[in-house]
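Here are the chains, one letter per residue:
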Amino acid sequence: MNIFIKKPQFTSYRNKSNPEDRFPSWQSFAQIDKERAQTLFDYRDGRLFWRSMVGRRRPEAGSELMRKTTGGDPVWVISLGSRHEIRRYMRSYLVWNWHYGRTDRILRPLDGDHLNDRIENIAFAGPLPVEEGITPALAPTPHLAESRYGVNCPCCGAGVQVMTADLAIQVYGISDQQARILRAIWGGKGKPVQMERVFSEMYADDPDGGPTHEKMYLAFKVAMSHLRTKLEGSGIAVETVGYRQGYRLVLGDRATSSDSTA
């Protein structure tokens, strides 16, 4: 069964109280065609590298820009064009163009970090402003690969091949306490995680370090029971390793048959 994440409502994240923030003075929404993007750049882990180093000082394209005039977070920008007509591009748009071509939507980072331009971190935030008389070129719908987990990416709709704790928390409606447990065990990367590590994550915001050990374990058992129920059939499971040996993450086919004893 496929679970589709509802995409964010298309509402602008611009500061409406500041007129200068409506449209930055430089071309923050400028884009190029997919073919040109892939001709100019190589994409690796959220970064773009020049394919041709002729006249370039370093392989990585662009540099960080502090948006002082709009009060926005810093972004990575890349300059393209001739010496007499240079245009600035936000790297996030060029990354999207590299993968899918042009878009008619404002792009935003899922994790709030405007310097994190990994394609899996890019989502929609609203319609792009359209200049009068100009119809934006739209990217063709990308091929949606079948997900290993029955979950589709919230930004591009492609099937998720690599699951993350944050995505699982979002998809399966996991509560805060359950999410803390899942993140702690996920951090073990399939290796046993001791209860002390889980308790530390559960009560990380408690200045006293949490209640007594007995009460922490009772709260853990209740949260773990609900967590396992929500993860049933997802291809994600938390397995009891053994007496006093902790818990570990199980992904894929083996998750359907993992131990459910708290």
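Residues numbered from 1 in each chain as written. Predicted model: local features only at pLDDT ≥ 70, side-chain atom pairs only at ≥ 80, totals over all residues. Heavy atoms only, no water.

1. Here we look at the nonpolar core
Alright, step 1. Of all hydrophobic cores here, the largest spans 30 residues; its most connected members are I181, L182, V198 and F220.
Alright, step 2. Of all the secondary structure elements, the ones that give two or more residues to this core are helix 3 (165–171), helix 4 (176–186), helix 5 (195–202), helix 6 (213–231), strand 10 (236–242) and strand 11 (246–251).
Alright, step 3. When near neighbours in sequence (up to four residues on either side) are disregarded, V198 contacts I181, A184, I185, V193 and F220.
Alright, step 4. Formed by 28 residues, the second largest nonpolar core is a distinct cluster that contains Y89, V95, I106 and L107. (Core = buried A, V, L, I, M, F, W, Y, C linked by side-chain atoms within 4.5 Å. Buried < 20%, exposed > 50% of the residue type's maximum accessible area, 1.4 Å probe, protein only. Helix = DSSP H or I, 4+ residues; strand = E, 2+ residues; numbered from the N terminus. Contact = heavy atoms within 4.5 Å.)

2. Points about the packing of aromatic side chains
Alright, step 1. In this structure the tally under the stated criterion is 5 aromatic pairs.
Alright, step 2. A ring pair is formed by F41 and W50, whose centres lie 4.9 Å apart and whose planes are at 40°; its orientation type is tilted. Side by side, F41 and W50 carry an identical accessibility label, which is buried.
Alright, step 3. These aromatic residues form a ring-pair network of at least three members: Y217, F220 and Y247.
Alright, step 4. Stacked on the ring of F49, the Lys or Arg R44 has its end atom at 3.9 Å from the ring centre.
Alright, step 5. In this arrangement the basic side chain of R56 is found over the ring face of W50, its NZ or CZ atom lying 3.6 Å from the centre. (Phe/Tyr/Trp six-rings, centres within 6.5 Å; stacked < 30°, edge-to-face > 60°. Lys NZ or Arg CZ within 6 Å of the ring centre and 35° of its normal.)

3. Some details on helix 5
Alright, step 1. Among all positions in helix 5, only M195, V198, F199 and M202 are buried. Considered in projection along helix 5, the buried side chains sweep an arc of 100° and stay on one side of the axis.
Alright, step 2. Packing partners of the buried residues in helix 5 comprise helix 4, helix 6 and strand 11. (Arc of directions from axis to C-beta.)

4. Examining the packing of helix 5 against helix 6
Alright, step 1. Packing of helix 5 against helix 6 leaves a shortest axis separation of 11 Å and a crossing angle of 85°. Looking at the two axes, helix 5 sits roughly perpendicular to helix 6. Residues M195, V198, F199 and M202 of helix 5 form the contact with helix 6, whose participating residues are H213, M216, Y217, A219 and F220.
Alright, step 2. Looking at side-chain class alone, the contact of helix 5 with helix 6 contains 8 nonpolar, 1 polar and no charged residues. (Axes fitted to C-alpha atoms, helices over the stretch in contact; angles between N-to-C directions. Parallel < 35°, antiparallel > 145°, perpendicular 65-115°, else oblique. Nonpolar A, V, L, I, M, F, W, Y, C, P; charged D, E, K, R; others polar.)

Purely geometric numbers; function is a separate question.
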